[in-house]
Amino acid sequence: MSVEERTGGRTSRPEIRLVRRGFADPDAAVRRLAEPALHGLAGDTVLLDALGATADPDQALLGLARLLEALDEPEQHTLRDTLTTSKPLRDRLLGVLGASDALADHLARHPEDWHALVTFELQDMHPGAADFRHALTERVWAAEPARRPDVLRTAYRRCLLTIAARDLTGTTDLPQASAELADLAGATLQTALDIAAAEDPDTAAACRLAVIGMGKCGGRELNYVSDVDVIFVAEPREDVDEHHAVQAATRLAARLMRICSDTTGEGVIWPVDANLRPEGRNGPLVRTLASHLAYYQRWAKTWEFQALLKARPIAGDTELGAAYAAAIAPLVWQAAARDNFVTDVQQMRRRVVDAIPATELDRQLKLGPGGLRDVEFSVQLLQLVHGRTDPTLRSGNTLQALAALSDGGYVGRADAASLDAAYRFLRALEHRIQLHRLRRTHLMPTDPADQRRLARSLNTLINDDTRADPVAALQREWRRHAVEVRRLHERLFYRPLLDAVAELPLGAAGLSSEAAKARLEALGYADPAAALRHLSALASGVSRKAAIQRTLLPVMLGWFADSADPDAGLLNFRQISDALGRTPWYLRLLRDEGAAAEQLARVLSAGRLAPDLLLRAPEAVAMLGDPQGLQPRGRAVLEQEILAAVGRAGTAAAGVSAARSVRRRELFRTAAADVLGRLGDTPGQAVTTAGEALTDLNAATLQGALRACIAGWEARNGELPTRLAVIAMGRFGGHELGYGSDADVLFVHEPLLEALDEDAARAAHAVCHELRTLLASPSTEPPLLVDADLRPEGRNGPLVRTLASYAAYYRRWSHVWESQALLRAEPLAGDPGLGERFRALIDPLRYPGAGVPERDLTEIRRIKARIETERLPRGADPTTHTKIGRGGLADVEWVVQLLQLQHGHRLPGLRTTRTRPALEQAAGAGLLDAEDAAVLDAAWVLASRVRSAVMLVRGRPGDSFPGDARELSGVARYLGYGAGHSGELVDDYRRTTRRARAVVERLFYGP
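No experiment lies behind these values; they were computed from the predicted model shown. (Residues numbered from 1 in each chain as written. Predicted model: local features only at pLDDT ≥ 70, side-chain atom pairs only at ≥ 80, totals over all residues. Heavy atoms only, no water.)

1. Things to note about the overall build of the protein
Reasoning step 1: In terms of regular secondary structure, the protein is built from 46 helices and ten strands.
Reasoning step 2: Taking 2.2 N^0.38 as the reference for a compact globule, 1007 residues should give roughly 30 Å; the C-alpha atoms of the protein span a radius of gyration of 38 Å, well beyond that estimate.
Reasoning step 3: Oriented by its inertia axes, the alpha-carbon framework of the protein measures out at about 130 × 70 × 60 Å.
Reasoning step 4: Partitioning the intrachain contacts of the protein with sequence separation of at least 6 by distance along the chain shows that 72% fall at a separation of at least 24.
Reasoning step 5: As displayed, the protein offers around 41,800 Å² of accessible surface, 50% of which is attributable to carbon and sulfur atoms.
Reasoning step 6: In the protein, the 125 positive side-chain charges and the 131 negative ones have mean positions that sit 3 Å from each other. (Helix = DSSP H or I, 4+ residues; strand = E, 2+ residues; numbered from the N terminus. Rg over C-alpha atoms; globule rule 2.2 N^0.38 Å. Contact = heavy atoms within 4.5 Å. Areas by Shrake-Rupley, 256 points an atom, 1.4 Å probe, with all protein chains shown as cover. Lys, Arg positive; Asp, Glu negative; His and termini not counted. Charge placed at Lys NZ, Arg CZ, Asp CG, Glu CD.)

2. Overview of the packing of aromatic side chains
Reasoning step 1: Evaluated as defined, the whole model comprises eleven aromatic pairs.
Reasoning step 2: Note on tryptophan 894 and phenylalanine 1004: the rings are 6.2 Å apart at their centroids and 75° apart in plane angle, and the pair reads as edge-to-face. Here phenylalanine 1004 lies in helix α46 (residues 982-1005) and tryptophan 894 lies in helix α42 (residues 889-903), a separation of 110 residues in the sequence. Here tryptophan 894 and phenylalanine 1004 have matching classes, each one buried.
Reasoning step 3: With centroids separated by 5.3 Å and ring planes inclined at 80°, the aromatic side chains of phenylalanine 961 and tyrosine 989 adopt a geometry described as edge-to-face. (Phe/Tyr/Trp six-rings, centres within 6.5 Å; stacked < 30°, edge-to-face > 60°. Buried < 20%, exposed > 50% of the residue type's maximum accessible area, 1.4 Å probe, protein only.)

3. Side note on the pattern of salt bridges
Reasoning step 1: Applying the stated rule across the entire model yields 58 salt bridges.
Reasoning step 2: For the salt bridge of glutamate 514 with lysine 517, the shortest nitrogen-to-oxygen distance reads 3.9 Å. Pair noted here: glutamate 514 and lysine 517 are both in helix α26 (residues 513-523), with a separation of three residues, about one helical turn.
Reasoning step 3: The partner of arginine 914 in a salt bridge is glutamate 692, with the nearest N and O atoms 2.9 Å apart. (Salt bridge = Lys/Arg side-chain N within 4 Å of Asp/Glu carboxyl O.)

4. Notes on unusual backbone geometry
Residues apart from glycine generally show negative phi values, whereas peptide bonds are mostly found in trans.
Reasoning step 1: Even without being glycine, aspartate 239 reaches a positive phi, approximately 70°.
Reasoning step 2: With respect to the helices and strands, aspartate 239 occurs in the loop between β2 (228-236) and α15 (242-261).
Reasoning step 3: Note on aspartate 239: relative accessible area 79%, which makes it exposed.

5. Some details on the pairing of β2
Reasoning step 1: The buried fraction of β2 amounts to seven of the nine residues, a majority that puts the element mostly inside the structure.
Reasoning step 2: Pairing of strand β1 (residues 207-213) with β2 involves seven bridges; the strand directions are antiparallel. Its bridge partner being in β2, isoleucine 212 is matched across the sheet by isoleucine 231.
Reasoning step 3: In terms of strand pairing, β2 meets strand β3 (residues 272-273) through two bridges, oriented parallel. (Pairing = 2+ DSSP bridges.)

6. Some thoughts on the side chain of aspartate 167
Reasoning step 1: Here aspartate 167 is to be found in helix α11 (residues 148-168).
Reasoning step 2: The buried category is assigned to aspartate 167, whose relative accessible area is 8%.
Reasoning step 3: Excluding anything up to four places from it in sequence, aspartate 167 contacts Thr172, Ala177, Tyr224, His431 and Arg432.

7. A few points about the environment of histidine 134
Reasoning step 1: Summarising the element assignment, histidine 134 is placed in helix α10 (residues 129-140).
Reasoning step 2: Residue histidine 134 is classed as exposed on the basis of its relative accessible area, which comes to 51%.
Reasoning step 3: Spatially, the C-alpha atoms of histidine 134 and histidine 115 are 17 Å apart, while their sequence positions differ by 19 residues.

8. Thoughts on the nonpolar core
Reasoning step 1: Formed by 174 residues in total, the largest nonpolar core has its most connected members in Phe573, Leu702 and Phe747.
Reasoning step 2: Once residues within four sequence positions are removed from consideration, phenylalanine 573 is found in contact with Leu538, Gln549, Leu553, Met556, Phe560, Tyr586, Leu590, Leu600 and Leu604.
Reasoning step 3: One finds Ala192, Leu193, Ala204 and Leu209 within the second-largest nonpolar core, a separate group that totals 88 residues. (Core = buried A, V, L, I, M, F, W, Y, C linked by side-chain atoms within 4.5 Å.)

9. Let's talk about helix α23 (residues 448-457)
Reasoning step 1: When α23 is considered as a whole, its buried residues turn out to be Gln451, Arg453, Leu454, Ala455, Arg456 and Ser457.
Reasoning step 2: Between a side-chain oxygen at the N-terminus of α23 and the backbone nitrogen of alanine 449 the separation is 2.9 Å; the capping residue is aspartate 447. (Polar contact = N/O pair within 3.5 Å; in protein donor to acceptor, adjacent residues only side chain to side chain.)

10. Quick notes on the environment of alanine 923
Reasoning step 1: Note that alanine 923 resides in helix α43 (residues 915-924).
Reasoning step 2: It is 89 Å that separates the C-alpha atoms of alanine 923 and aspartate 81, two residues lying 842 residues apart in sequence.
Reasoning step 3: Non-local contacts of alanine 923, meaning those with residues more than four positions away in its chain, are made with Leu928 and Ala933.

11. Concerning the packing of α42 against α46
Reasoning step 1: The interhelical angle for the contact between α42 and α46, taken along N-to-C directions, is 30°, at an axis separation of 10 Å. The orientation of α42 relative to α46 falls into the category roughly parallel. The two elements α42 and α46 meet at a crossing, and its hand is left-handed. Where α42 abuts α46, its residues Asp891, Trp894, Val895 and Leu898 lie against Arg997, Val1000, Leu1003 and Phe1004.
Reasoning step 2: Among the residues forming the contact of α42 with α46, the class breakdown is six nonpolar, no polar and two charged. (Axes fitted to C-alpha atoms, helices over the stretch in contact; angles between N-to-C directions. Parallel < 35°, antiparallel > 145°, perpendicular 65-115°, else oblique. Left-handed = near helix turned anticlockwise from the far one by under 90°. Nonpolar A, V, L, I, M, F, W, Y, C, P; charged D, E, K, R; others polar.)

12. Let's talk about the packing of helix α45 (residues 965-974) against α46
When two helices pack together, their arrangement is given by the angle between the helix axes and by the axis-to-axis distance.
Reasoning step 1: At a minimum axis distance of 9 Å, the contact between α45 and α46 shows a crossing angle of 65°. Looking at the two axes, α45 sits roughly perpendicular to α46. In this structure, α45 meets α46 at a crossing whose hand is left-handed. Residues Leu968, Ser969, Val971 and Ala972 of α45 form the contact with α46, whose own contacting residues are Ser982, Leu985 and Val986.

Below, the structure is given as structure tokens:
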């Protein structure tokens, strides 16, 4: 922007000079320089240049004017003379005034404190807690007792002024400024404790009280404005009862907190937060050392040990504080051996991110992705894993710990340097934001003026030139560091694992085999030695394949570790890579398509079914890189492909094998989409979509297999003398198949006019028998078991009947349970005309015009009760058996089917083979309450999802929750429960099905 644009066309010489120096409002600056308080300074080019070098020259000039106006005339002259003759004072004072409105307000209220910027130079010595305590107590104890808390607040601001001045002028770096802020906090807490003790000496005499700094204060990396996290520990003095001593210490601690936290005219110093204590805000404010130890040994959660990593005595009884630190340290450094340690830490980080309001996510410097907490969490995670055996890592300070991790070979030197720079920049940015108004915030401001001030205050930390467009330069630098930090988990935690097994470039970390095993074990790998062997096989060597794998593996390891079975994920990835490693597109797909790599990692570590299917045809990985690759393809497309493949086959066996090959690939497509949550936005949609996709696939496979077997028969015997149709039954007919479901069917045939019935029956039986045999025969392809036991007379009856035979049987011998079974009959393969004639035959049986007679109703209830008592497997828990357990699939389906038998003849909407639509229609027709329908639907959906999850995880069907803890965890992950929450899944299942069972008792069995 030109000078003319910035001055609105008014370009007087003084205004031009001011604009060039960085003033945003030159008119106001000219007027202010003409005020009496600034008399003689308007022409001082040195002063104007110094103002122009500040973060906000307009703000600095205003603050200077306010300070001079608050001084008496002799002091004004002294300050003017010092400003013009002392560059250090000039830079410090104007730097503070240009960056902090709050400290400018303090100087306007206490103008004499400008001398602190002269007298508190300490000749480049960095002040510590003792220096700050001396500066505080010197003023506090000179005041009247009633005024001491207010004097402490004023003295605290005076000390804060000196830290900010050194920080803003670059005479101290960020870690030192943060350490000084922590030391000032410790000195302030000590002085507040002394004030509290002086106010009530009897209470103070009854106890020893130590204040343990936590969080950033404990790590000596405090912000300008932050809650100061503490824990209080007390012991009785000689001849004092412990209970009395703890009560006395509690009064002292509470008074200390009020002195620091109460708001007065000087403002709050900072809130003292004791919520990191045992039991949090619900626990006692003060405990004895023995009480602390008892809690941490029995009840503490993983995050509490992570917090204790920064614990440091900062005030109160020094001996007691040291004893606390010594007693707690061994517990902290054994925390990584706890079950689900890494998972707990990662879950805590995710909860923090999830709690950020959506409107703040992109502005969060501390908690958001790529923010400060990402660095801190990862450094702490590595400390806790490797600090068990390496005492050099036991620092509460993030940057010191990061340097130790690098020196010890746990983090690559280049990675550590990059993260060190990112952390320093983000902390400096956070400091400058807070310093402006001394308010606790971690959000990037949205006002361009605020961003301009920040950019100018950080110009030495920004790689770009900030003169042309400071705001754009700041945004670029911030985003650059945030992107680097987002990769920290991969870089810090996973990359060094490869260094233990592969030849990596100079500068990489030198993680030992034992350290690598410890890290893998902490990540949840059950067999870290085997995992290292897989990593070595994948990443060793100098080939292009190995180089790409070294790029992929760090992030892949992270995705595997975020699953229920990291070992299986890594093993499966190695097997896939061994099969496809020489295929050019495979590694290129994973390297260039980040989504494909993540999807593959999640699929490979989610269970056995999808990986087993993929390992038989690894080229199916390609569909993970296609945005539409996991969409169900539909019956027509599948049937067309399968029939084309069958048509190219020379024999029935080859044709069925071709159909099974397509089915295996499509099973993987559906299973992968299910694992990745691509089948629907709600659980109900996902269940419905999976059921339809699997039904379409099995129907198309049967159609192809039937075509192959008929062609094979005709090649041997001539034209087939009959028409054949396949009627789907059960869950197949209901379009509700699961991954482990058999295909329940009825076979029906209709002889051609010129054919003999006996010849037609033999031919039909031969074709259907061969179809069942070939689909179930041992093969590299998954079998499709075709179950015809629901046919008339069951397995003792003929496999295939004519339409007339079915009609005769149903007319004479049919039982009510067969009418119920026919509710789910639907023609899905073979001759469509014959299928429709069969449908017309059975409709009067399944939708009887007179409804269900009382004797049939009694029979249905009797059969249901008998199934519940006789068919539940021995030892199975009826509260968790998804099929015939209480409130499970059978309960819901029998209620729906009873309503269909009773009312299907008059309500066309009930004439569907699908359970959920029939339930919805029944509720809409008033046959049951909407609330009851919702309860039944929820139970049916959940039971269906559990069955699918069991098959996906175990690779074989099951109707109950797995007994193996890792398999149960996999089921829970599929259903959206985090690690360690498998018990919640089982509890939720029992609660949901218990409610459903109550509805079933009322609707199905009646009063």
